[in-house]
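Coordinate analysis (summary)
As a plain string of letters, each chain reads:
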Amino acid sequence: MSEATSTNSGTNANVNAKVEFPKSNLRKLNADVGLSKFPDQMRRKSLKKGFNFTLMVVGEYGVGKSTLINTIFESQIFPPKDYSIPNKFDAVDIKPISAEIVENGILLNLTVIDTPGFGDLINNQHSYESIIKCIDSRFDSYLEQEMVMRKQKINDQRIDALLYFIRPTGHNLRPFDIEFMKKVHTKVNLIPIISKSDTLSKKEINGFKSRIMNDINSNGIQIFKPAVDIFDSQESTLSISDITSKIPFAVVGSQDFVKDSSGMLVRGKQLPWGVVEVENENHNDFVKLRKMLVSAHMLELKSITDSVLYENYRSQKLLMNGYIQDNSVFREYDPIMAKEEELKRHKYDMEMMEIDMTKEFERKVEEKELKLKENEEELYIRYKRMKNALDLQIKELKEQKDALEAKYGPLSSIKKKGIFGL
Ligand SMILES: Nc1nc2c(ncn2[C@@H]2O[C@H](COP(=O)(O)OP(=O)(O)OP(=O)(O)O)[C@@H](O)[C@H]2O)c(=O)[nH]1
Ligand SMILES: [Mg+2]
C-alpha cells in the first residue's frame, strides 16, 4: 500500500489519531555538504533538536534520482540497485527514507520521498494522483495537529521541495511533464532538473534548457526561484542571480571517484572522451543546485512551504469545510503582514546599528584626540631637550670664541688680515 493511501486526509478526523508516516531506514551520516553555512540563529536551533527537511524526488525509472540524492548528501541514502531485474509497476510506490545528517554539529533530519513507478504506468493519471495524495496528506496531518497543539510541537512532515527529473532528451517537455507540473506547482516548491547531463553537449543543453523554460513559462507553471531581497548585499544578489540563471539545473550525479586531468581524485564519471567532474561548474550545474538546496536557500524553501503553499492549501481546505479564514487572527501566516513586520524589525536593527556606529565613532575620535595630546606633550619635551642642547652648544662656542679673541684679538680683524697676515 502506498504512503498516501495509508493516511487519513480529513480535517474532521480524530486529531489524536495522528498520521504517522513511515520512517524507514533511518541512517546517521556525517557529511560536508554546506549545512554549516546556515545562518547563526538557525544553527543554534539546529544544534539543539535538529532541522527537518523533506524532499520528494519524482522522475521515471532509472532517470538518476537515487544517484543524485546520494551525491548531494555525500551519503548512501539510497542503497545500490540491481538494474538487471526488470521493474513492473501497477502503482506509484511512495517510499520515504529518513536520514540524520550531521555536519560540524548541525543536525539535519532529512526525509527523501522516492516515487518509483512514476510515469511508468499504463495509465499515468494514477502517477499524479498518488503524488498529489501524498503532498495533501502531509498538509492535512499538519493542519490537524495545528488545531490542537502549539506550532513548535507539531511533527512537520510537509514536503519542502520536489525535484522533478527530466530525461536528457534534448527535445521539449512532454505533455506528461507539463500536466504533472501544473498539478503540483501550487502545492510544492518545484525544482526542475535535467539529469545525466553528461549525455548531452553544452550546446544541446543550452537549447534544451531554453525550450524547457519556454514550456514552463507559456504554461504558467511556477517553479522555485530564490527571491532577491532589497536588503540583500550585492554579493548575495549576484549569487542568487547566478543560481537562477542555471534553472533548470543540468546535473551529473556520481558517487564514484575518478582521476581528473591533474591526477587528483574527484567525484565524477569516466567517459570515453574524458572525465566529467560532478563539482566542476564548467561541466554541470550540480554545485549551484546543491548550494540552493542545502546551504543557501533551504530555509527559504521551508518558509515558502509554510507561509505560501501550506497557507493556500489551508485556506482552501477551511473554505471547503465552511470556514472563512481571518488572516488577522493568523498573523504569522499573512505574508504581507509578515513582510511588514520583517521591515519594521529591519528598521529597528538599522537604527540600533546606527547608534552603535555613532558611539564607536565617538569613542575612536576621543581615543585619537588623547593620542594626539600625548604626542604633542612628547614633542614639546623633545623640543625642550633639543633647545637646551643647542643653548649649551651656543654657550660653549661663545666661550671658545672669547678665548680665541683673548689670544688673537677681535675675530673681525683676524678675518681681514688673516692669522699669518697674508
Ligand atoms: N551517465 C550518467 N549516468 C547516471 C547519472 N546518474 C545516474 N546514472 C546511472 O543511471 C542509472 C540509474 O540511476 P539511479 O540513480 O538508480 O536512477 P533512479 O531514478 O533512482 O532509478 P529508479 O529508482 O529505478 O527509478 C544507474 O546506472 C546510474 O549509475 C549521470 O548523471 N550520468
Ligand atoms: Mg532510485
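Along every chain, residues carry numbers that run from 1 in the direction the sequence is written. Numbering of ligands from 1 and lettering of chains from A proceed in the order in which they are written. Per-residue local features of the predicted model are confined to residues with pLDDT of at least 70, and side-chain atom pairs are confined, for both listing and counting, to 80 or more; whole-chain, interface and lining totals are unaffected and use all residues. The side-chain quantities take in all heavy atoms of the structure and omit both hydrogens and water.

1. Considerations on the sheet that holds strand β10 (residues 274-277)
Selection rule: For two strands to count as paired, DSSP must find a minimum of two bridges between them. Only DSSP runs of H or I covering at least 4 residues are called helices, and only runs of E covering at least 2 are called strands; the numbering of each starts at the N terminus. Angles run from 0 to 180 degrees between N-to-C directions of axes, and those axes are lines fitted to C-alpha atoms, restricted for helices to the stretch in contact.
In space, the 3 strands of this open sheet follow the order β8-β9-β10, with antiparallel pairing throughout. Bordering the open sheet on either side are β8 (257-259) and β10, each of which pairs with just one other strand. Between one strand axis and the next, the sheet turns through 65 degrees on average, direction left out of account. As defined by bridge partners, β8 adjoins strand β9 (residues 265-271) across 3 bridges and the pair is classed as antiparallel.

2. Let's talk about a nonpolar patch on the surface
Defined as follows: Patch construction takes residues with relative accessible area above 30% that form no salt bridge. Like charges are linked within 9 Å, and nonpolar side chains (Val, Leu, Ile, Met, Phe, Trp, Tyr) are linked within 5 Å. The accessible surface values rely on the Shrake-Rupley method and a 1.4 Å probe; as for residues, cover is taken only from the protein chains in view. Any carboxyl oxygen of Asp or Glu that lies within 4 Å of a side-chain nitrogen of Lys or Arg is treated as forming a salt bridge with it.
Taken together, M147, V148 and M149 make up a surface patch of nonpolar side chains, about 250 Å² in accessible area. With respect to the secondary-structure elements, V148 resides in the loop between α3 (125-146) and β5 (161-166).

3. A word on the environment of M264
The test is simple: For each residue, the accessible area found with a 1.4 Å probe, counting protein chains only, is set against the maximum for its type, and the residue is called buried under 20%, exposed over 50%, and partly exposed in between. Here, residues are in contact when the closest pair of their heavy atoms is within 4.5 Å.
Here M264 shows up in the loop between β8 and β9. M264 sits in the exposed class, given a relative accessible area of 52%. Non-local contacts of M264, meaning those with residues more than four positions away in its chain, are made with V258 and K259.

4. Points about the side chain of E146
Put simply, the test is: We define a polar contact as two N or O atoms separated by no more than 3.5 Å, with the added condition that, inside protein, one atom must be a possible hydrogen donor and the other a possible acceptor, whereas residues neighbouring each other in sequence contribute only through side-chain atom pairs.
Checked against the element boundaries, E146 lands in helix α3. Of the polar contacts made by the side chain of E146, one reaches the side chain of Y310; its length is 2.7 Å.

5. A closer look at the environment of H171
Structurally, the position occupied by H171 is in the loop between β5 and α4 (175-184). A sequence separation of 36 residues divides H171 from G207, and the C-alpha atoms of the two residues are 8.6 Å apart. With near-sequence residues (within four places) excluded, H171 lies in contact with F208 and R211.

6. Things to note about the pairing of β10
The pairing of β9 with β10 spans 4 bridges and is antiparallel. When the bridges of β10 are listed, Q270 appears paired with V275.

7. Remarks on a negative patch on the surface
Heads up, the rule is: Only four residue types enter the charge count, namely Lys and Arg as positive and Asp and Glu as negative; His and the chain termini do not. Charge positions come from single atoms, namely NZ of Lys, CZ of Arg, CG of Asp or CD of Glu.
Side chains of E374, E376, E377 and E378 sit close together on the surface and give a patch of like negative charge. Note on placement: E374 falls in helix α9 (residues 335-408).

8. Some details on the pattern of salt bridges
Applying the stated criterion to the full structure yields 19 salt bridges. The residue E279 makes a salt bridge to R290 at a minimum N-O spacing of 3.3 Å. Here R290 lies in helix α7 (residues 286-296) and E279 lies in the loop between β10 and α7, a separation of 11 residues in the sequence. The class for R290 is buried, based on a relative accessible area of 10%.

Limitation: the analysis is restricted to geometry and does not speak to function.
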